[in-house]
Amino acid sequence: MIFKDTKSSVGQLISNNLHTMVQSAILGFPRIGPNRELKKTTEAYWKGKVSVEELFKVGKELRAANWKLQKEAGVDIIPSNDFSFYDQVLDLSLLFNAIPERYAKYNLAPIDTFFAMGRGLQKSATETSAAIDVTALEMVKWFDSNYHYVRPTFSHSTEFKLNGQKPVDEFLEAKELGIQTRPVLLGPVSYLFLGKADKDSLDLEPLSLLEKLLPVYAEVLSKLKQAGATEVQLDEPTLVLDLPQEAQQAIKKAYQFFASKASSLPEITLASYFGTVVPNLNALKGLPVAALHFDFVRAPEQFDDVVSIVGDKQKLSVGIIDGRNIWKNNFAKSSEFVKKAIEKLGADRVIVATSSSLLHTPVDLENESKLNPVIKDWFAFATQKVKEVVIVSKNVSGKNVSAELEANAKSVAARAASDITNNPAVKKRVAAIDAKMAQRAAPFDERLIEQQKSLKLPLFPTTTIGSFPQTRDIRINRNKFAKGTISAEEYEKFINAEIETVIRFQEEIGLDVLVHGEPERNDMVQYFGEQLNGYTFTVNGWVQSYGSRYVRPPIIVGDLSRPKPMSVKESVYAQSITTKPVKGMLTGPVTCLRWSFPRDDVEQKTQAYQLALALRDEVNDLEAAGITVIQVDEPAIREGLPLRAGAERDDYVFWAADSFRVATSGVRNSTQIHSHFCYSDLDPNHIKALDADVVSIEYSKKDDPNYIAEFKDYPNHIGLGLFDIHSPRVPSKEEMIHKIETILKDYPASKFWVNPDCGLKTRDWAETKLSLTNMVDAAKYFREQY
Ligand code: GLN
Ligand code: ZN
């Protein structure tokens, strides 16, 4: 100890630390199972085909498999309570008894109350039980990911108390297997902040419930301690938002409360992810928790600031393995980053971790039998990421992992140099994009005159959003074609017959701008991705979107380009059999990007512009082939908006609109460009920036006069969705007339289009026919009035 002062050089610190193992941690693992076991069992349970015992058994097996996998990989800190049968936020609502009376009153088994809140429940009466009819709680996007959580919904009568002890049960389950875990729960402030007041208690401010909630939180934490948990992970991802002062205060209050009970609670790791916490640093400074976790994949620039507030005894969990994407980690780079933390804090106070839960990544790359092996070597799914965390932690601890490092460096270099990744012609073309390419030849007013001359549409023109019912027959034939059991000619004949049915139906009921119905498309992004260079696809790369719904995002692996036309054949065929205009139908650059796993080696905006150029060629080809109306869908444009106000958000708002305009501005004034968005609190200014001639927006459930008023000054034409395409319900003509009347109070009739909320692919023909007929009749009614 005498020599302490003279030995405090950084180099000495590191060499002293060589014997200390830096710990490795996983923040959460996907629960869906390597072969979607969770989906299969829950859906079977809902249909009454498997018992609750069977459901629980499968849950238990999945948890055990996940823990063992992490244990065998050598992970030091393994999560528990990251499992859920539907959603981890909904788990908390059940656990804390935040169950609105409309669900509680049925006195169902807890698991059934849980599912009723998540997805609604309709059951007719039986001899022993009354009928049940209750809709689901609101579902909301989890930050900027494609996961959706069930929104906690509070009222004045909400009474927090422990309802079961899921986190404790699952901790004990792991313990029985000989695996010590770190239970994870969404922290109290984020839980409340992400919630809302119920209809009957609109004046209730969720954060005002903090004081009532904290003792119940502490109760479950202390039960965990009694069960043997030494640490817990409390997630407070709201720390990456623009938090109001009250919420920052709430963070301090909550964790000081836990600190006051420290002796009876496990140690707390407070985790943030998906962005920087720097604007909320004051809330974190001096917070009495054992460890802080930050996402350095998304926000490496926060390093100096956050390290400066780590207390003398606190640990820093360095989120460095990407929980949101599928790319192999760069071990050399990550190790350098972690070493910076070790230099500052010492190896015993640094943890190597995933940036967030791995919930957002597919389960296991080993399941991919069809990937090009060259490309496969660039990926890491959740199972591989677990190993990556361990390797980086070993490396920074001075353990010999040279074989792994060498292989990793090779793979990283191969990807960077690959001609799958790099296409110089595409790079050159993106660099040459200028302002003129992103601008139509004339302003909207002039374009409109030419479009009216050539299209001759009536007032209140009617159209649909693109897809028509995707029948079983369509799916069967598409699969047959994919498997090669029917020839290309047979398939084309089948598709053309489908197109003809859709065209004839639209003519019959009197729609004005027709669509071909999209029968050839499996998915609006995948369909185009499969035809572009620079994309690849998985066979089993499922990621939970919500409840039992999983998506399999295509992966952008390299510079994107279009080798040949992608949709011209079908549109031209449709146009050839009718005299009415048929809309060409494309998916926009931002939606293609957002619903894929993007590259991590070039900026997202560069990828959007590459897509924009490919689409520009397609738009121009459609026009050249005689298509006069072209719709470019951008339903994902709102979800790409960065979480915080500031430069990054401003930049996004610009390039999202600009890339759309690059895609759509190469056409004549007389060609009418449409765009479509599913409802998501769109800002009229962002939509205006696209300069589309006509936009259609999901609207039927919105029911908010202020929203219409916001669009009053929108200069171009607009169709606000008149009926909900998610529901089999058929709206009457009168109902739609009433909707239009309300809209026209605030909105000029000359600019108004008549259309449904979105595509009709999930509906069946019977409903579609009735709903669209009523819709067209409603438009005709107004034509007579004006
Ligand atoms: N054109 C697409 C369709 O009708 C649009 C889908 C969407 O917006 N999600 O299916
Ligand atoms: Zn839509």
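Remember, predicted model here, so these are calculated numbers, not experimental data. (Residues numbered from 1 in each chain as written. Chains lettered and ligands numbered in written order. Predicted model: local features only at pLDDT ≥ 70, side-chain atom pairs only at ≥ 80, totals over all residues. Heavy atoms only, no water.)

**Student:** Explain the side chain of Arg324 to me, and be specific about the residues and the numbers.
**Tutor:** Assignment of secondary structure puts Arg324 in the loop between strand S13 (315–321) and helix H13 (331–345). One polar contact links Arg324 to Asp144, side chain to side chain, over a distance of 3.0 Å. The contacts of Arg324, once residues within four sequence positions are left out, are Asp144, Ser145, Phe274, Arg298, Ser356, His360, Thr361 and Phe597. (Helix = DSSP H or I, 4+ residues; strand = E, 2+ residues; numbered from the N terminus. Polar contact = N/O pair within 3.5 Å; in protein donor to acceptor, adjacent residues only side chain to side chain. Contact = heavy atoms within 4.5 Å.)

**Student:** Explain the coordination of the zinc ion (ligand 2) to me, using residue names and the numbers behind them.
**Tutor:** Coordination of the zinc ion (ligand 2) by the protein is provided by His676 (NE2), Cys678 (SG) and Cys758 (SG), with metal-donor distances spanning 2.0 to 2.2 Å. For the zinc ion (ligand 2), the four donor atoms in the first shell make angles of 92 to 124° at the metal, so the coordination geometry reads as tetrahedral. Taken in chain order, the donor set of the zinc ion (ligand 2) reads H-x1-C-x79-C. Of this pair, Cys678 sits in the loop between strand S21 (672–677) and helix H26 (684–688) while Cys758 sits in the loop between strand S24 (752–753) and helix H29 (765–785); the two residues are 80 residues apart in sequence, bridging distant segments of the chain. Its relative accessible area of 18% is what places Cys758 among the buried residues. (Donors = N, O, S within 2.8 Å, 3.2 Å for Na, K, Ca; no water. Tetrahedral: all angles 85-135°; square planar, octahedral: opposite > 155°, others 65-115°. Buried < 20%, exposed > 50% of the residue type's maximum accessible area, 1.4 Å probe, protein only.)

**Student:** So what's going on with helix H2 (residues 37–46)? Residues and values would help.
**Tutor:** All of the buried residues along H2 are Leu38, Lys39, Thr41, Thr42, Ala44 and Tyr45. Where the residues of H2 are buried, they touch helix H3 (52–73), helix H6 (110–119) and strand S17 (549–551). Downstream of H2 by one or two residues, Gly48 has phi in the positive range, about 75°.

**Student:** Just give me the short version of the sheet that holds strand S23 (residues 717–720), but keep the residues and values in it.
**Tutor:** Spatial ordering of the open sheet is given by S19-S20-S21-S22-S23-S24, a layout of six strands whose pairing is parallel. Both outer strands of the open sheet, strand S19 (583–587) and S24, are each paired with one neighbouring strand and no more. Inspection of the sheet shows strand S22 (residues 694–697) paired to S23 by four bridges, in the parallel sense. From the neighbouring strand, Ile697 faces S23, where its bridge partner is Leu720. (Pairing = 2+ DSSP bridges.)

**Student:** An account of the packing of aromatic side chains is requested, with residue identities and associated values reported.
**Tutor:** Summed over all chains, the structure comprises 36 aromatic pairs. When the centroid spacing of 4.8 Å and the interplanar angle of 70° are considered together, the rings of Tyr273 and Phe274 count as edge-to-face. The pair formed by Tyr273 and Phe274 is uniform in burial state, with each residue classed as buried. Measuring from centroid to centroid gives 5.6 Å for Phe468 and Trp765, while their planes differ by 35°, and the two rings are tilted. (Phe/Tyr/Trp six-rings, centres within 6.5 Å; stacked < 30°, edge-to-face > 60°.)

**Student:** Describe the sheet that holds strand S12 (residues 291–295), and please don't skip the residues or the numbers.
**Tutor:** Spatially, the eight strands line up as an open sheet ordered S1-S14-S13-S12-S11-S10-S8-S2, and their pairing is parallel. At either end of the open sheet lies a strand with only one pairing partner, and these are strand S1 (23–25) and strand S2 (78–80). The average undirected angle you get between the axes of adjacent strands in this sheet is 30°. Summarising the sheet, strand S10 (residues 231–235) and strand S11 (residues 267–271) pair through five bridges and their orientation is parallel. (Axes fitted to C-alpha atoms, helices over the stretch in contact; angles between N-to-C directions.)

**Student:** Can you break down the pairing of S23 residue by residue, with the values?
**Tutor:** Working note: regular strand, side chains alternate between the two faces of the sheet. In S23, alternate side chains face the same way, and those of His717 and Gly719 on one face and Ile718 and Leu720 on the other are all buried. Sheet analysis places S23 next to S24, joined by two bridges and oriented parallel. In the strand pairing of S24, Ile718 is matched with Phe752. Note on the crossover from S23 through helix H28 (residues 733–746) to S24: the handedness is right-handed. (Right-handed = clockwise from strand over helix to strand, strands pointing away.)

**Student:** Break down the environment of Ser576 for me, with residues and values.
**Tutor:** One can find Ser576 in helix H22 (residues 568–576). Sequence separation between Ser576 and Ile268 is 308 residues, and the spatial gap between their C-alpha atoms is 67 Å. One polar contact links the side chain of Ser576 to the main-chain carbonyl oxygen of Tyr573, over a distance of 2.6 Å.

**Student:** Go over the packing of helix H20 (residues 488–509) against H22, please, and point to the residues and values.
**Tutor:** Helix-helix packing is characterised by the crossing angle of the two axes and by the distance between the axes. One can describe the packing of H20 onto H22 by two numbers: an axis separation of 10 Å at closest approach and a directional angle of 45°. If you check the angle between H20 and H22, you find them oblique. Between H20 and H22 the crossing geometry is right-handed. Facing H20, whose interface residues are Glu492, Ile495, Asn496, Ile499, Glu500 and Ile503, H22 presents Lys569, Glu570, Tyr573 and Ala574. For the contact of H20 with H22, the residue count by class is five nonpolar, one polar and four charged. (Parallel < 35°, antiparallel > 145°, perpendicular 65-115°, else oblique. Left-handed = near helix turned anticlockwise from the far one by under 90°. Nonpolar A, V, L, I, M, F, W, Y, C, P; charged D, E, K, R; others polar.)

Honestly, that's just the spatial picture; any functional story needs more than this.
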